[in-house]
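One-letter residues, chain by chain:
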Amino acid sequence: MSLARRTPGYPPLPTNASGAGHGDRVLPSRLRVALGALAACLLWSTAFVFVKICLKELPPLTLGGLRFLLAGLLLFPFAMRTLPATRWTPSTFGRVLLIAFLQTSLLYGLFFWGMSLARGAQSAIVVGASPLTAALLSHFLMADDRLDSRKAVFISMGMAGVA
């Protein structure tokens, strides 16, 4: 379900006679999910190699900014189609740009700077372990988070998979 379909105040997306979105006619749902997962794995697995190659030519902050500027330009038409144009005021657009800069371009620029000092495989391990490390640390830093045996097993499995 898209953001527009589940967010109050947004019109629903067009559907075909079966009630499914237009894209549902092209591929069966399971196949689309499998192909999407495969594409995500391919993109994610090649990202660190690509970044290491690009860092030979571009400074880290420039690379971080350009990577997400390109991603934003590619996604912008889809956002405009999904979200009503009346929602995009200059104030809203400015806030989106600020968040994009601080949370994405600056964050990844600093990450790419770190990658310029380490091997790509080491960087991939750090990124892959980050959510698992946060889940483990939350037990010690948050009073209402408990590390039960089930959570410990899954965090351990995740760490083993990352390593």
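In the block above lies the structure referred to throughout.
The rules behind each value
- Residues numbered from 1 in each chain as written.
- Predicted model: local features only at pLDDT ≥ 70, side-chain atom pairs only at ≥ 80, totals over all residues.
- Heavy atoms only, no water.
- Helix = DSSP H or I, 4+ residues; strand = E, 2+ residues; numbered from the N terminus.
- Buried < 20%, exposed > 50% of the residue type's maximum accessible area, 1.4 Å probe, protein only.
- Areas by Shrake-Rupley, 256 points an atom, 1.4 Å probe, with all protein chains shown as cover.
- Polar contact = N/O pair within 3.5 Å; in protein donor to acceptor, adjacent residues only side chain to side chain.
- Contact = heavy atoms within 4.5 Å.
- Phe/Tyr/Trp six-rings, centres within 6.5 Å; stacked < 30°, edge-to-face > 60°.
- Axes fitted to C-alpha atoms, helices over the stretch in contact; angles between N-to-C directions.
- Parallel < 35°, antiparallel > 145°, perpendicular 65-115°, else oblique.
- Nonpolar A, V, L, I, M, F, W, Y, C, P; charged D, E, K, R; others polar.
- Patch = residues over 30% accessible without salt bridge, like charges linked within 9 Å, V, L, I, M, F, W, Y side chains within 5 Å.
- Salt bridge = Lys/Arg side-chain N within 4 Å of Asp/Glu carboxyl O.
- 1 Å grid on protein atoms, 1.4 Å probe; cavity = no way out; pocket = protein on both sides within 12 Å on 5 of 7 lines; lining within 4 Å.
- Points joined across faces, edges and corners; volume = space filled by probe spheres on them.

This brings us to the overall build of the protein. Counting its secondary structure elements, the protein contains 6 helices and 0 strands. Each helix and strand of the protein, ordered N terminal to C terminal, gives the series α-α-α-α-α-α. A buried classification covers 15% of the 163 residues belonging to the protein. On the protein, roughly 12,100 Å² of surface is accessible, and the fraction owed to carbon and sulfur atoms is 72%.

Turning our attention to the side chain of D145. Position of D145 relative to the elements: it lies in the loop between α5 (120-141) and α6 (149-162). Here K151 takes part through its side chain, which lies 3.2 Å from a polar atom of the side chain of D145. Residues contacting D145, with those up to four places away along its chain left out, are A135, S138, H139 and K151.

All right, on to the packing of aromatic side chains then. Taken as a whole and judged by the stated rule, the model has 1 aromatic pair. Ring centres of F111 and F112 lie 6.0 Å apart, and the angle between their planes is 50°; this geometry places the pair in the tilted category. Note on F112: relative accessible area 0%, which makes it buried.

Moving on, we come to the packing of helix α2 (residues 29-54) against helix α4 (residues 90-117). Remark: α2 packs on α4, axes separated minimally by 10 Å, with the N-to-C direction vectors making an angle of 75°. The angle between α2 and α4 places the two elements in the roughly perpendicular class. Residues F48, V51 and K52 of α2 lie in contact with α4, whose contacting residues are F111, F112, M115 and S116. For the contact of α2 with α4, the class distribution of residues is 5 nonpolar, 1 polar and 1 charged.

Take a nonpolar patch on the surface next. There is a patch of nonpolar side chains on the surface, built from L61, L98, F101, L102, L106, L110, W113 and L117 and spanning about 830 Å² of accessible area. Per-element tally for the nonpolar patch: the top contributor is α4, with 7 residues. For L117, the location among the structural elements is in helix α4.

Tallied over the entire structure, the rule returns 1 cavity of 30 Å³ or more. If you add up the space inside the largest cavity, you get close to 50 Å³. W44, A47, F48, V51, R67, Y108, F111, F112 and M115 are the residues that line the largest cavity. For the lining of the largest cavity, the secondary-structure elements that each account for two or more residues are α2 and α4. Looking at the lining of the largest cavity, its residues break down into 8 nonpolar, no polar and 1 charged.

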